[in-house]
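One-letter residues, chain by chain:
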Amino acid sequence: MKSKIALVSCKNYTPDHVYPAMHHALALLGGITNFIRPAAKVLVKPNLLMAIEPEKGVDTHPEIVRAVIRILKEIDCHVFVGDSPSVWDSQSSNLERVWERSGVKQVCQEEKVELVTFAKRRWRDKFPLTSWLDECEYFINLPKFKTHNLTILSAAIKNLFGLVCGSYKLQLHKDYFEREDFSKMLVDIYALAKPHLTIVDAIVAMEGDGPATAGRLRQTNLLLAGDDCVSLDSVLAIIMGLKPADIPYIKEATLRGLGISKIEDIEILGEKLEEVKSKPFLLPTASFSRKIPRPLLEIAKKLVRYYPVIQHNKCLFCLACLNTCPSKAIAIENKKISIDYAKCIACFCCQEVCPAAAIKTKKSILAKIIGL
Ligand code: SF4
Ligand code: SF4
């Protein structure tokens, strides 16, 4: 059986563009009531990674949140918006900064819906997931389309990591620091908490060393919608210039039968995929899947190492990286941030929370020698 996704163009984040584009995407899929029952309680989860302005392109744009709220209110739903921002930042004062700077607090106030924190949890298998999944009858996933130094792509399935409450995310980074293991863990979460609907903010995407300030913005002018996160992420992988199987979590989810990644089996409604593709995305430094022949890839993975380096001239000394590091590899030495590479597990959590793009990804000498 084929899966179905909508792919529509949307040129900018003004409400006059976002709302009609989202409405159009959902209409192509049979309308919002094909996914959500009228008058239901609905949890909406954007990707709110850090306290940063919408134009920086790190968080899901607040106008995407507004459009989905309006569409849900048209069918009398009771809407709750929430996320568990970043891995380091579960204190309420820090959360408040994320709500405010991301613009989501203002949208929720204007649209008169409740912004909720993921403080209460219920263990599902090995994960403490937000109890708002139990409080609400439906769950809508609102990821942003970005590259990611650990998972290569951050979109529909990766956004579900934010369902894990507070600092337990740090423990998971420590337990699953290899790309393949982390990807399998993400698929475990997807299997436990499949969204009823996912709408991807791909109007301004991110390439390079995403998913935060070290990445580069890229205008892609798209919105995607559907209920199969594997299909949505597969289409995004192709837009990046990759194959779905190049993204380890897509490969794993496909193997487990959790969705469809074969492009011939995905019915794309709206824009034509070939017409929206442009030049391939700049990949994260720690990704080399496009650069070497596949048979050599497994050998290279074992030999090559990537690691974070602090650019002290850009550092704001905010200590977010130090508070984040799951391996306690970051300390202050001579009034500067310093990394103990004997402890570093190359999870790139530090880069993910750095507000100043002050953490670069460096390649090991071997990676440079073999041209990765
Ligand atoms: S220094 Fe950065 S990459 Fe290394 S373990 Fe700590 S957070 Fe992860
Ligand atoms: S490297 Fe980035 S996160 Fe770490 S202290 Fe400096 S500005 Fe903050």
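Please refer to the structure higher up on the page.
Read on for an overview of the structure. (Residues numbered from 1 in each chain as written. Chains lettered and ligands numbered in written order. Predicted model: local features only at pLDDT ≥ 70, side-chain atom pairs only at ≥ 80, totals over all residues. Heavy atoms only, no water.)

Around ligand 2, the structure places Cys315, Leu316, Phe317, Cys318, Leu319, Ala320, Cys321, Ile337, Cys354, Pro355 and Ile359. Here the shell around ligand 2 is built from residues that sort into 11 nonpolar, no polar and no charged. (Near = heavy atom within 4 Å. Nonpolar A, V, L, I, M, F, W, Y, C, P; charged D, E, K, R; others polar.)

Before going further, it helps to examine the pairing of strand β7 (residues 138–142). By the criterion of burial, β7 is predominantly enclosed, with 5 of the 5 residues buried. Where strand β2 (residues 41–46) meets β7, 5 bridges bridge the pair, whose relative direction is parallel. Directly across from Val44, in β7, lies its bridge partner Ile140. Note that β7 and strand β10 (residues 197–208) share 2 bridges and pair parallel. (Buried < 20%, exposed > 50% of the residue type's maximum accessible area, 1.4 Å probe, protein only. Helix = DSSP H or I, 4+ residues; strand = E, 2+ residues; numbered from the N terminus. Pairing = 2+ DSSP bridges.)

This part is about the nonpolar core. If you look at the biggest cluster of nonpolar residues, it comprises 57 residues, and the most contacted ones within it are Phe145, Leu153, Met185, Leu224 and Ile239. Counting residues per element, this core draws most heavily on helix α8 (residues 229–240), which supplies 9 residues. Excluding its chain neighbours within four sequence positions, the residues that come into contact with Leu153 are Phe145, Lys146, His148, Lys158, Asp233, Leu236, Ala237, Met240, Ile247, Tyr249 and Ile250. If you look at the next biggest cluster of nonpolar residues, it comprises 46 residues, including Leu72, Leu95, Trp99 and Val104. (Core = buried A, V, L, I, M, F, W, Y, C linked by side-chain atoms within 4.5 Å. Contact = heavy atoms within 4.5 Å.)

Around ligand 1, a shell composed of 13 residues is seen, among which Cys325, Cys344, Cys347, Phe348 and Cys350 lie nearest. Grouping the constituent residues of the shell around ligand 1 by class yields 12 nonpolar, 1 polar and no charged.

Tallied over the full model, the rule gives 19 salt bridges. Lys105 is paired through a salt bridge with Glu100; the nearest N and O atoms lie 3.3 Å apart. According to the relative accessible area criterion, Lys105 is partly exposed, its value standing at 22%. A relative accessible area of 48% places Glu100 in the partly exposed class. Across the pair Arg122 and Asp134 runs a salt bridge whose closest N-O atoms are separated by 2.9 Å. (Salt bridge = Lys/Arg side-chain N within 4 Å of Asp/Glu carboxyl O.)

What follows is about unusual backbone geometry. Across the chain, the bulk of peptide bonds are trans and the bulk of non-glycine residues have phi less than zero. At the junction of Gly210 and Pro211, the peptide bond is cis and its omega measures out at 15° in the coordinates. By the element assignment, Pro211 lies in the loop between β10 and β11 (215–226). Unusually for a residue other than glycine, Lys112 sits at a positive phi of about 60°. Of note, Lys112 is situated in the loop between α4 (104–111) and β4 (114–117). Residue classification places Lys112 among the exposed residues on the basis of a relative accessible area of 70%. Residue Ala346 is not a glycine yet carries a positive backbone phi of 55°. Structurally, Ala346 is set in the loop between β15 (336–339) and α13 (349–353). For Ala346, a relative accessible area of 15% translates into the label buried.

What follows covers the environment of Leu43. Assignment of secondary structure puts Leu43 in strand β2. Since its relative accessible area comes to 0%, Leu43 is described here as buried. Residues Leu43 and Asn141 lie 98 residues apart in sequence; the distance between their C-alpha atoms is 8.5 Å. Leave out the neighbours within four places in its chain, and Leu43 touches Phe80, Gly82, Val116, Phe118, Trp132, Leu133, Cys136, Tyr138, Phe139 and Ile140.

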